[in-house]
Amino acid sequence: MSRLHRAFALLGLLLLAQGVAAEKLRLVADTWPPFTDAGLVNGGLATDIVSTALARAGYASEFEQVPWARALKGVGEGRYDVLVNAWYSKDRTLLGQFSSEYLMNRVMFLRHKGSPITYDNLQQLHDYPIAVVRDYAYSSEFESDPRLQKVPVHNFALAVRMLAAERVKLTLEDEFVARYYLSREPPEVRDAVEFLPKPLSENGLHILVSLQNPQHAQIVAGFDREIAAMKADGSYQRLLKLHGM
């Protein structure tokens, strides 16, 4: 091979390598503040943690926000590489590979501050009206208990205002979501309520990497490694603080 041909071949390999290096992972999620929301800092808490860990593992990324069903279908079809915010379910393993959990979703009860209500089991709560958001799946046990006095409302903001005004005795929400919305309420609402210590349910939050991406196992391994490193070096906690958590 002539020197000129070798130079062209080398240039071609360099351009190919640059093209591969420049390719970005396509992250996707629906709107779920404070975890995922294009209007929030760095796309929200979960998006920020995920994109930071992936960058540390050597993967550039870009984020797109679409409805949940489209996001899940897109990961299964390979139009997106990474679903940012997924709870584990066996059927989803047919679409992608789960990482280890990187956040914990804890559905917590809230009561009026100073209330004597305690919670160890649902039977203790049968006498109290509880504001619940319509069509929200809290837990199978909670949904199937016919003796709970559920008061349907449109959203958590309305539920917590009813609680602050003592029109209901309890409400419940994911802890991070509740803290996000409480931070936007006036002090007379925010300071009038408090969390009960025991969660109703806990679900680990994972990324789901499309099986259509040939590097899915490598991506998951790199992500898990960097999440552990971020927790060890304090950068994980700094991101929580940045997002008000």
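- An unreviewed UniProt entry lists the protein under the name Transporter substrate-binding domain-containing protein, from Pseudomonas vanderleydeniana.
- Recorded under Sequence similarities (unreviewed entry), the UniProt text for the protein is reproduced unchanged: "Belongs to the bacterial solute-binding protein 3 family."

## Quick notes on the packing of helix α2 (residues 45-56) against helix α8 (residues 216-233)
- Packing of α2 against α8 brings their axes to within 8 Å, and their N-to-C directions diverge by 105 degrees. By the criterion of interaxial angle, the relationship of α2 to α8 is roughly perpendicular. Here α2 contributes Ile49, Val50, Thr52, Ala53, Leu54 and Arg56 to the contact with α8, which in turn contributes Ile219, Phe223, Glu226, Ile227, Ala229, Met230 and Asp233.
- Along the lines of polarity and charge, the residues of the contact of α2 with α8 split into 9 nonpolar, 1 polar and 3 charged.

## Notes on the nonpolar core
- The biggest cluster of nonpolar side chains holds 33 residues, and the ones touching the most others in it are Phe109, Leu125, Phe142, Leu172 and Leu200.
- Those elements that provide at least two residues to this core are β5 (103-112), β6 (129-133), α5 (156-164), β8 (170-174), α6 (175-182) and β9 (193-210).
- Sort the elements by how many residues they give to this core and α5 lands first, with 6 residues.
- Core analysis: the next-biggest nonpolar cluster, separate from the first, contains 29 residues, Val50, Phe176, Ile219 and Phe223 among them.

## Thoughts on the packing of α2 against helix α9 (residues 235-242)
- At their nearest, the axes of α2 and α9 sit 10 Å apart, and the two run at 150 degrees to each other. What the angle tells us is that α2 and α9 run roughly antiparallel. Between α2 and α9 lies a crossing whose hand is right-handed. Facing Leu45, Asp48, Ile49, Thr52 and Arg56 of α2, the residues of α9 in contact are Ser235, Tyr236, Leu239, Leu240 and Leu242.
- Of the residues belonging to the contact of α2 with α9, the class tally is 6 nonpolar, 2 polar and 2 charged.

The rules behind each value
Residues numbered from 1 in each chain as written. Predicted model: local features only at pLDDT ≥ 70, side-chain atom pairs only at ≥ 80, totals over all residues. Heavy atoms only, no water. UniProt positions renumbered as here; feature names shortened; annotations may be inferred. Axes fitted to C-alpha atoms, helices over the stretch in contact; angles between N-to-C directions. Helix = DSSP H or I, 4+ residues; strand = E, 2+ residues; numbered from the N terminus. Parallel < 35°, antiparallel > 145°, perpendicular 65-115°, else oblique. Contact = heavy atoms within 4.5 Å. Nonpolar A, V, L, I, M, F, W, Y, C, P; charged D, E, K, R; others polar. Core = buried A, V, L, I, M, F, W, Y, C linked by side-chain atoms within 4.5 Å. Buried < 20%, exposed > 50% of the residue type's maximum accessible area, 1.4 Å probe, protein only. Left-handed = near helix turned anticlockwise from the far one by under 90°.

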